[in-house]
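Residue-level structure breakdown
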Amino acid sequence: MALAIVRLGSPRLPDEGLRIGTVRRPPRGVPKSEFASQDWYDVWFPNLAPSSETMKLGQAAETPAQWAAFCKQYRAEMASPCARHDLALLAALSHTSNLSVGCYCEQAERCHRTLLKELLIHYGARLR
């Protein structure tokens with residue numbers, strides 16, 4: 001069993017399991033009834049998405065220093081007790097179930113899902 005980090009809306013991996021959307025907002029223009037069938041996500045879990053303010057930092061980042069400021073702010077948000085419990089839960093589930101987490105960003109290296117992957121590894125997640 002394992003956890004995959006994916007781009008939401010991309011074709012599902014074989015045996016991917018439950019797809020969890022760690023995004024602030026649902027996909028625009030897609031009826032809720034079609035989120036899963038269009039490979040967006042099965043469950044919406046915005047708890048692990050950057051806050052709106054932090055997301056704006058990441059989207060506006062053009063320099064390495066600006067990206068580092070986004071990373072620092074997102075990691076600080078994920079250090080809250082609730083976020084730590086959520087991360088620990090997903091890490092534990094990865095030992096007994098196939099599941100995936102993701103967001104919409106095209107470039108993973110400029111996206112919170114890369115940081116989320118690091119955090120999940122820290123909490124002991126089994127990754128694909």
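Residues numbered from 1 in each chain as written. Predicted model: local features only at pLDDT ≥ 70, side-chain atom pairs only at ≥ 80, totals over all residues. Heavy atoms only, no water.

So, about the sheet that holds strand E4 (residues 99–103). Strands sit in the order E1-E4-E2-E3 across an open sheet of four strands; the sheet is parallel. Strand pairing shows two members of the sheet lacking a second neighbour, strand E1 (3–7) and strand E3 (43–44), which therefore form its edges. As defined by bridge partners, E1 adjoins E4 across five bridges and the pair is classed as parallel. Bridge pairing links Ala-4 to Ser-100 in E4. This element, helix H4 (residues 112–122), spans E1 and E4 of the sheet and lies at about 175° to E1. (Pairing = 2+ DSSP bridges. Helix = DSSP H or I, 4+ residues; strand = E, 2+ residues; numbered from the N terminus. Contact = heavy atoms within 4.5 Å. Axes fitted to C-alpha atoms, helices over the stretch in contact; angles between N-to-C directions.)

We now examine the UniProt feature "domain: DUF488" (unreviewed entry) in the protein. This chain's UniProt record puts "domain: DUF488" (unreviewed entry) on residues 4–122. Within the segment residues 4–122, helix and strand shares are 40% and 13% respectively, and the terminal C-alpha atoms sit 15 Å apart. (UniProt positions renumbered as here; feature names shortened; annotations may be inferred.)

The next thing to look at is the state of the cysteines. Applying the stated rule across the entire model yields zero disulfides. Unpaired in this structure, Cys-105 has its nearest cysteine sulfur neighbour in Cys-111, at a distance of 3.5 Å. Accessibility expressed as a relative area gives 32% for Cys-105, which makes it partly exposed. (Disulfide = S-S within 2.5 Å. Buried < 20%, exposed > 50% of the residue type's maximum accessible area, 1.4 Å probe, protein only.)

With that settled, the discussion passes to the packing of aromatic side chains. Any two aromatic rings considered together are summarised by their centre-to-centre distance and by the angle between their planes. Counted by the stated rule, this structure contains four aromatic pairs. A centroid spacing of 6.2 Å and a plane angle of 10° characterise the contact between Phe-70 and Tyr-74, whose relative ring orientation is stacked. In this pair, Phe-70 and Tyr-74 are both assigned in helix H2 (residues 64–78), four residues apart and thus about one turn of the helix distant. Across this residue pair, the class does not change: Phe-70 and Tyr-74 are buried. An aromatic cluster of at least three residues, connected via ring pairs, comprises Trp-67, Phe-70 and Tyr-74. (Phe/Tyr/Trp six-rings, centres within 6.5 Å; stacked < 30°, edge-to-face > 60°.)

Quick look at the pattern of salt bridges now. Tallied over the entire structure, the rule returns four salt bridges. Where Arg-12 meets Asp-39, a salt bridge forms, and the shortest distance between an N and an O atom there is 2.9 Å. Taken together, the residues span a long stretch of sequence, with Arg-12 in the loop between E1 and strand E2 (18–21) and Asp-39 in the loop between E2 and E3 at a distance of 27 residues. The class for Arg-12 is partly exposed, based on a relative accessible area of 27%. Among the charged side chains, a salt-bridge network with shared partners connects Arg-12, Asp-39 and Asp-42. (Salt bridge = Lys/Arg side-chain N within 4 Å of Asp/Glu carboxyl O.)

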